[in-house]
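One letter stands for each residue in the lines below.
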Amino acid sequence: IEPASGGILALVSMPGYDPNLFVDGIDPQSWDALNTSPDKPMVNRALNGAYPPGSTFKPFMALAALSLGKRTPGQAIADPGYYMFGNHRFRDDKVGGHGMVDMYKSIVVSCDTYYYTLANDLGIDNIAAFMGQLGFGSRTGIDIEGESEGVLPSPEWKKKRFKKPEQQKWYPGETISIGIGQGYNAYTPIQLAQAIATLANDGVMYRPHLVKHIDNRASGERTYIEPQPLKTLALKPEHIEVIKQALVLRYWISILGL
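Residues numbered from 1 in each chain as written. Predicted model: local features only at pLDDT ≥ 70, side-chain atom pairs only at ≥ 80, totals over all residues. Heavy atoms only, no water.

Draft legend 1. Structural detail: unusual backbone geometry. Omega for the peptide link from M14 to P15 comes to -5°, which places this bond in the cis form. In this fold, P15 is placed in the segment before α1 (28-36). Notably, K40 is not glycine yet its phi reads approximately 50°, a positive angle. Mapped onto the secondary structure, K40 falls in the loop between α1 and α2 (45-48). (Helix = DSSP H or I, 4+ residues; strand = E, 2+ residues; numbered from the N terminus.)

Written out as structure tokens, the structure is:
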């Protein structure tokens, strides 16, 4: 997504199918093969597939921590390679841990323990409220059909999702996995792209759109689609800059293979 306009620069869903099948009207055999394939090629995964975001969720957790005053960039924790919650051990991806980890390092090395701890400190209500304003769990309004809402977990969502009372209760341990983009988290790739574009655009969110302009064949007139700002998030520039700097460092370390 182009952050300053919401224009879609690239959109891919795999596996795909041959669009030439539809040019002269698709035959019944090909139509049946597409719809019964276990690969589900007719599903636009960029808009309709909802997946746990994993570590891509962590920078937004860090931004929530800064915005809500739960962390400062230099505030560090000791990571032994796990986080204990009651009698349950939530393991880090690195055996033995990452040592002392501040916010910058937590993003650069993608430290699970940092975000287990942070999720518990933030609480599920704060996480859900903050991520909701970034568009997680809501349709973006892109100009093409088939978009899913995804799942933004919260105690309210769980009460609606499950029928049995014992399944409706939100347990504190469920919040821990939410912090690393796992658990009940399920978002579409377009939601994640919109959130990162909003971060890149300093908190200004645009409606994603595929159509750049519409041509009138009869008159030759071309009408351009104007960017549609949806909202401006109340984020402090210095907080956004912290996340941007950490992401840039993470990018170069991954490129250089360090």
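Draft legend 2. Looking closely at a nonpolar patch on the surface. On the surface, L11, I144, L210, V211, I214 and I225 cluster together into a nonpolar patch covering about 420 Å² of accessible area. Looking at where I214 falls in the secondary structure, it is placed in strand β6 (residues 213-215). (Patch = residues over 30% accessible without salt bridge, like charges linked within 9 Å, V, L, I, M, F, W, Y side chains within 5 Å. Areas by Shrake-Rupley, 256 points an atom, 1.4 Å probe, with all protein chains shown as cover. Salt bridge = Lys/Arg side-chain N within 4 Å of Asp/Glu carboxyl O.)

Draft legend 3. Structural context of the packing of aromatic side chains. Within the structure shown, the criterion is met by 14 aromatic pairs. Note on Y83 and Y116: the rings are 6.5 Å apart at their centroids and 25° apart in plane angle, and the pair reads as stacked. Residue Y83 is located in strand β2 (residues 82-85), and its partner Y116 is located in helix α5 (residues 112-122); the two are separated by 33 residues in the primary sequence. Consider the rings of W157 and F162, whose centres lie 6.2 Å apart with planes at 80°: the pair is edge-to-face. Among the residues examined, F162 registers a relative accessible area of 18% and is labelled buried. Cluster of aromatic residues (ring-pair linked, three or more members): F57, F60, F136 and Y187. Note that R71 overlies the ring of Y114, its terminal NZ or CZ placed 6.0 Å from the centroid. Over the ring of Y82 we find R89; its NZ or CZ atom is 3.9 Å from the centre of that ring. (Phe/Tyr/Trp six-rings, centres within 6.5 Å; stacked < 30°, edge-to-face > 60°. Buried < 20%, exposed > 50% of the residue type's maximum accessible area, 1.4 Å probe, protein only. Lys NZ or Arg CZ within 6 Å of the ring centre and 35° of its normal.)

Draft legend 4. Broad picture of the packing of helix α3 (residues 58-67) against α5. Axis separation between α3 and α5 bottoms out at 11 Å; the angle between their running directions is 45°. If you check the angle between α3 and α5, you find them oblique. Crossing hand, α3 versus α5: left-handed. For the pair formed by α3 and α5, the contact residues are K58, M61, A62, A64 and A65 on the first element and D112, Y115, L118, A119 and L122 on the second. Its residues assigned to classes, the contact of α3 with α5 comprises eight nonpolar, no polar and two charged. (Axes fitted to C-alpha atoms, helices over the stretch in contact; angles between N-to-C directions. Parallel < 35°, antiparallel > 145°, perpendicular 65-115°, else oblique. Left-handed = near helix turned anticlockwise from the far one by under 90°. Contact = heavy atoms within 4.5 Å. Nonpolar A, V, L, I, M, F, W, Y, C, P; charged D, E, K, R; others polar.)

All we've got here are geometric facts, nothing functional implied.
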